[in-house]
Amino acid sequence: MTDRITLVIDGKTVSAVAGEMLLWVALDNDIYIPHLCGSRDDQEKPASCRLCFVEVDGRPLPVTACTLPVSEGLVVRTGGERVDALVATGFELLMSNHRLDCKNCPANGDCALQQIAKTRKLKLKPKKLPVLERDLTVDDSVPGILFDPNKCVLCGHCIKACLRDGNGILGFTRRGFERVISTFGDLPLAESECSGCGSCAAVCPVGAWSAHLHAEAF
Amino acid sequence: MELTAEEIRIAANTTGDVLAGFSDSRGNLIPALQQVQNKLGYVPRVAMQKAAAHFRIPAVEVYGVITFYNQFRLTPPGKNQVKICMGTACHMRGANIIQEAWERRLQIKVGETTADREFSLERVACVGCCTMAPVVVINEEVNGKITPTRVDGLLFAHELDKKNAAEAKGGAE
């Protein structure tokens, strides 16, 4: 039997298995921490979305909750001036190249970005940063699946889902601002051995991957 | 740009030879790709697919590595390699406008090669002659103070040189 430990998150004492990542412990105890890129079964944690920052007593700087193993007596605060500033900036950077079209977006109402904005009282529209849209091609080549890279937050969940349930045809390509999720040789999904399983659409936290609304028409 | 069957065959054989010298440990991926790039001058689809099979990873992962690093080319280099300097001074003097001029005239994007294999286009960092900004290096020849009109001129001069060389060759025979 693994060791159980107790820790304090936002004044609430919770019990958890030692070594589990703080993010999942908090979420299991109904304490919301913004997050996009992490999954529970990650071997290598991407820690790339920079949204799950928390303050930990005894640590000089805020740390990402997805990479912090819990230990006995840990005292954590999910908010605070420094955390709020980091999350606000990280969120604004994400939103500065996210095509904002909530009204027509299939993820409207069930979107991680909307949830983060709501719980942290942040604006979806960036205030300080200019919006840099990339105008990338929307892929609807496989019936039942729609991929709009302009809405992608590069969390990588679809890549993991495709490896698990599909043919492993998705990956990160290019670098920096040009980084996108694409297939080998940037081919459309229909030419890339896509199995059409739709796992990518099921795991996408935003509206980048979605089930094709007009699937019956094809 | 399409590769010929012969080029694909050579690329496949070369990649096979290179991969034979590496174990299937994932850490060998980049050294293997570098050797392929050194031997062929570029890393074509067939090479990426062979590498993916060798290291037992999805082909898209190899493609991700190739597109991440500037040192890898996806297309064979042209006979003449045009390198546009993107250093600070050239950047300030409008290197992006020069880049657009080349892209428009050659009808290719940076990193690509024209269909006739005459020119390939690259961006480089500082070439060390900032007083001449914006600078374009064609093969080994440095050209300073480039304007879009000069791009037309350089291409025209190249056409002339080619014609003269062909005539001189014809005359000698």
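Every residue gets a number counted from 1 within its own chain, in the order that chain's sequence is written. Chain letters start at A and ligand numbers start at 1, both assigned in the order the entries are written. Since the coordinates come from a predicted model, pLDDT governs what is reported: local features require at least 70, and pairs of side-chain atoms require 80 or more to be given and counted, while whole-chain, interface and lining totals use all residues. With hydrogens and water set aside, each side-chain value is computed from the structure's full complement of heavy atoms.

(A) Quick look at the overall build of chain A. Only runs of H or I of at least four residues qualify as helices and only runs of E of at least two qualify as strands under DSSP, and these elements are numbered from the N terminus. Each helix and strand in chain A was counted, giving five helices and nine strands. Taken from N to C terminus, the helices and strands of chain A fall in the order β-β-α-β-β-β-α-α-β-α-β-β-α-β. By its C-alpha atoms, chain A is 55 × 45 × 30 Å across when sized along the principal axes. Between buried and exposed lies partly exposed: a residue is buried under 20% and exposed over 50% of the maximum accessible area for its type, with that area taken using a 1.4 Å probe on protein chains only. The burial tally for chain A puts 46% of its 218 residues in the buried class.

(B) Layout of the interface of chain A and chain B. Contacts are assigned to residue pairs with any non-hydrogen atoms lying within 4.5 Å of each other. Residue-level contacts link 16 residues of chain A with eleven residues of chain B. Joining two parts hides part of their accessible area as seen by a 1.4 Å probe, and the buried area is that hidden amount summed over both. When the two sides are added together, the surface that chain A and chain B hide from each other amounts to roughly 1,100 Å², 65% of it contributed by carbon and sulfur. By the criterion of area lost to chain B, the three top residues of chain A are Arg174(A), Arg175(A) and Phe184(A), representing 58% of everything that side buries. One speaks of a salt bridge when a side-chain nitrogen belonging to Lys or Arg is within 4 Å of a carboxyl oxygen belonging to Asp or Glu. For the pair chain A and chain B, the number of links is zero salt bridges. The dominant element in the side of chain A that touches chain B, judged by the number of residues it contributes, is strand 7 (residues 171–173) of chain A, at three residues.

(C) Looking closely at the sheet that holds strand 5 (residues 75–77) of chain A. All names here are of chain A. Only when DSSP finds a minimum of two bridges between them are two strands counted as paired. Spatially, the five strands line up as an open sheet ordered 2-1-5-3-4, and their pairing is mixed. Each edge of the open sheet is held by one strand with a lone partner, namely strand 2 (12–17) and strand 4 (63–64). In the sheet, strand 1 (residues 4–9) pairs with strand 5 via two bridges, with the strands oriented parallel. What sits directly across from Ile9, in strand 5, is Val76.

(D) A look at the domain arrangement of chain B. Domain segmentation is taken from an automatic or database assignment of domains. Once the domains are mapped, chain B shows domain 1 (5–68) and domain 2 (80–172). The C-alpha-based centres of domain 1 of chain B and domain 2 of chain B are spaced at 30 Å.

(E) Summary view of the packing of aromatic side chains. Classification of ring pairs rests on two measures: the distance between centres of Phe, Tyr or Trp rings, Trp counted by its six-membered ring, which must be within 6.5 Å, and the angle between planes, read as stacked under 30 degrees, edge-to-face over 60 and tilted in between. The tally for this structure, following the rule as stated, stands at four aromatic pairs over all chains. Seen from their ring centres, Phe68(B) and Tyr69(B) are 4.9 Å apart, and the 75° between their planes marks the pair as edge-to-face. Among the aromatic residues, those joined into a cluster by ring pairs are Phe68(B), Tyr69(B) and Phe72(B). Note on criteria: charge over ring means Lys NZ or Arg CZ within 6 Å of the ring centre, with the direction from the centre no more than 35 degrees off the ring normal. The ring of Phe177(A) is capped by Arg134(A), whose NZ or CZ atom sits 5.7 Å from the centre of that ring. Taking NZ or CZ as reference, Arg175(A) lies 5.2 Å from the ring centre of Phe68(B), over its face.

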